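Each chain is listed here by its residues.
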Amino acid sequence: PGMGGSSALIKLEADILRILERHELPVPHIYGVCPEPAGIVMECSAGRANLATAESQQEREAVLDQYIDALVVMHSIDPREFVAIGMRPLEGTDQLALGDLCVWEGVFRKNKARPEPAIEFALRWLKQNRPTGRGRCVFLHADSGQFIYDQGKLTALLDFELSYLGDPAADLAGLRTRDISEPLGDIGRAYRRYEEQTGEAIDSRLIDYHTARFALVTSLSTAHVCANPPPRLNLPQYLGWYLVYTRIVLELIAGLEGVTLEPPPLPEPAPARHGPSWQALSSLVAGMMEDSEDKVQCYELDTASRLLTQLQRIDAMGGELDRQDWRERIDLLGAEPADWASSDEALEQRVLTAGPGENAVLLRYLYRHTVRQIALLGPALRELEGAQLQSAAH
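Rules behind the numbers
Residues numbered from 1 in each chain as written. Predicted model: local features only at pLDDT ≥ 70, side-chain atom pairs only at ≥ 80, totals over all residues. Heavy atoms only, no water. Helix = DSSP H or I, 4+ residues; strand = E, 2+ residues; numbered from the N terminus. Contact = heavy atoms within 4.5 Å. Patch = residues over 30% accessible without salt bridge, like charges linked within 9 Å, V, L, I, M, F, W, Y side chains within 5 Å. Areas by Shrake-Rupley, 256 points an atom, 1.4 Å probe, with all protein chains shown as cover. Salt bridge = Lys/Arg side-chain N within 4 Å of Asp/Glu carboxyl O. Phe/Tyr/Trp six-rings, centres within 6.5 Å; stacked < 30°, edge-to-face > 60°. Buried < 20%, exposed > 50% of the residue type's maximum accessible area, 1.4 Å probe, protein only. Axes fitted to C-alpha atoms, helices over the stretch in contact; angles between N-to-C directions. Parallel < 35°, antiparallel > 145°, perpendicular 65-115°, else oblique. Left-handed = near helix turned anticlockwise from the far one by under 90°. Nonpolar A, V, L, I, M, F, W, Y, C, P; charged D, E, K, R; others polar. Pairing = 2+ DSSP bridges.

Sorry if this is basic, but what is going on with the environment of isoleucine 248 here?
Its place among the elements puts isoleucine 248 in helix 10 (residues 235-257). Isoleucine 248 sits 144 residues away from tryptophan 104 along the chain, and the two C-alpha atoms are 18 Å apart. Leave out the neighbours within four places in its chain, and isoleucine 248 touches Ile180, Ala215 and Leu389.

Just checking my understanding: could you explain a nonpolar patch on the surface for this structure?
Together, Leu281, Leu284 and Met288 make up a nonpolar patch on the protein surface, roughly 260 Å² of accessible area in all. By the element assignment, methionine 288 lies in helix 11 (residues 275-291).

How should I be thinking about the packing of aromatic side chains in this particular structure?
Aromatic ring pairs are defined here through the distance separating the ring centres and the angle between the ring planes. All chains considered together, the criterion is met by six aromatic pairs. Geometrically, the ring pair formed by phenylalanine 82 and phenylalanine 139 is stacked, given 4.2 Å between the ring centres and 10° between the ring planes. With phenylalanine 82 in helix 3 (residues 80-83) and phenylalanine 139 in strand 3 (residues 138-140), the pair connects residues that are 57 residues apart, well separated along the chain. An identical accessibility class is assigned to phenylalanine 82 and phenylalanine 139; each is buried. Between tryptophan 125 and tyrosine 209, the aromatic rings sit 6.4 Å apart at their centres with planes inclined by 35°, giving tilted as the arrangement. Highlighted residues: tryptophan 125 in helix 6 (residues 117-128) and tyrosine 209 in helix 9 (residues 204-227), separated in sequence by 84 residues. The same class applies to tryptophan 125 as to tyrosine 209, namely buried. An aromatic cluster is defined as three or more aromatic residues linked by ring pairs; in this entry it consists of Phe82, Phe139 and Phe160.

What is the right way to look at the packing of helix 7 (residues 169-181) against helix 10 in this model?
Angle between the axes and distance between the axes: these two values describe a pair of packed helices. Close contact between helix 7 and helix 10 brings their axes to 12 Å; oriented N to C, the two are set at 140°. When the interaxial angle is binned, helix 7 and helix 10 end up oblique. Pair helix 7 / helix 10 crosses with right-handed handedness. Residue-level inspection shows Arg176, Thr177, Ile180 and Ser181 of helix 7 in contact with helix 10, the latter providing Val244, Tyr245, Ile248 and Leu252. Of the residues in the contact of helix 7 with helix 10, the class split is five nonpolar, two polar and one charged.

Looking at this structure, how should I read the pairing of strand 1 (residues 30-35)?
Every other side chain in a regular strand lies on the same face of the sheet, so the side chains alternate between the two faces. Pairing geometry for strand 1 and strand 2 (residues 38-42), over five bridges, is antiparallel. Bridged to valine 33 within strand 2 is isoleucine 40. Between strand 1 and the antiparallel strand that follows it, strand 2, lie two residues.

Is there a simple way to explain the pattern of salt bridges in this structure?
Opposite charge on two side chains allows them to pair when their charged atoms are near. Under the counting rule described, the total for this entry stands at 34 salt bridges. One salt bridge connects arginine 130 with aspartate 94, and the closest N-O pair in it is separated by 3.7 Å. Pair noted here: arginine 130 is in the loop between helix 6 and strand 3 and aspartate 94 is in helix 4 (residues 92-98), with a separation of 36 residues, a long-range link. Residue classification places arginine 130 among the partly exposed residues on the basis of a relative accessible area of 31%.

These figures capture arrangement, not role.
Here's what the structure looks like:
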């Protein structure tokens, strides 16, 4: 962040990989950097991502152990090596707590297209409840847990474009959010290994805070795309990221606040009023996918199929969920808004002007609202359906 255009960021990532290679970490060797068009020529490493595809539990544990060992080495490198290539260390408790949140809030503010009460609530809470007593600043993978492996061996660490110099707790928190979409195995076991290797105790509340902060990055960076999707966007995928990670943030804040959350009653999908039309359209899309050999076309048809699933559920469940939500909004706002748009605006203003004593009631409503929206996606969520965050307790 702050390095300028894509060429500068590409060069920065290449310089980061060179430093990591000097410290004998498993990263691709850099052969060269092209300024225009911006790109890196690097070694092709063997292996695949996603420990969910590991051949056995033993392989999964062995590879995750190797990643934790690599993370320990990364965190031990003198930050001045990274300052020399243009990275700026975070200074002071407040900066270390917020990490790179200001960068992503800037993206959010620049592109904001509609009221976002849950995001505004989370941003406000994170700023008002920053952890104290932290002073160590290290090189962070940041979007941690990204690597490839082959036959039980970690072959390459990947994706350092989000790296910055900050609190090592941020990388440990990042493993939990990575686990949501790419299951890593037992995160508690990984934390214990980190403690054994470093001699540093891991504070579960600190990890919860940083998990909420980093999970919110997903919501901040996808909100405007969900509000105003560009042509041919895989909207169910982006909605899944936006909603599931927002739910996770609210759950974590509730845990730190000591607030009990109760999910709303979710009705079983009723027979859709226009069921025959949905069935005919679904069959048509499925048939086109079977007949097509074009991979791009198949991907777009699959996106259409996911959208159909969502729209069928809106037809079958949306009315009841909207009625639930509307009743709760009236109670929360103290008056009946003219429509959904004005109620969103009023709710965001309520969030922005609320005192700490109102956190519980706001959390409970925002959580139930988010869970209802997730329910309308159902199987269209794919790998995010039913996703739950692993505990930081170890």
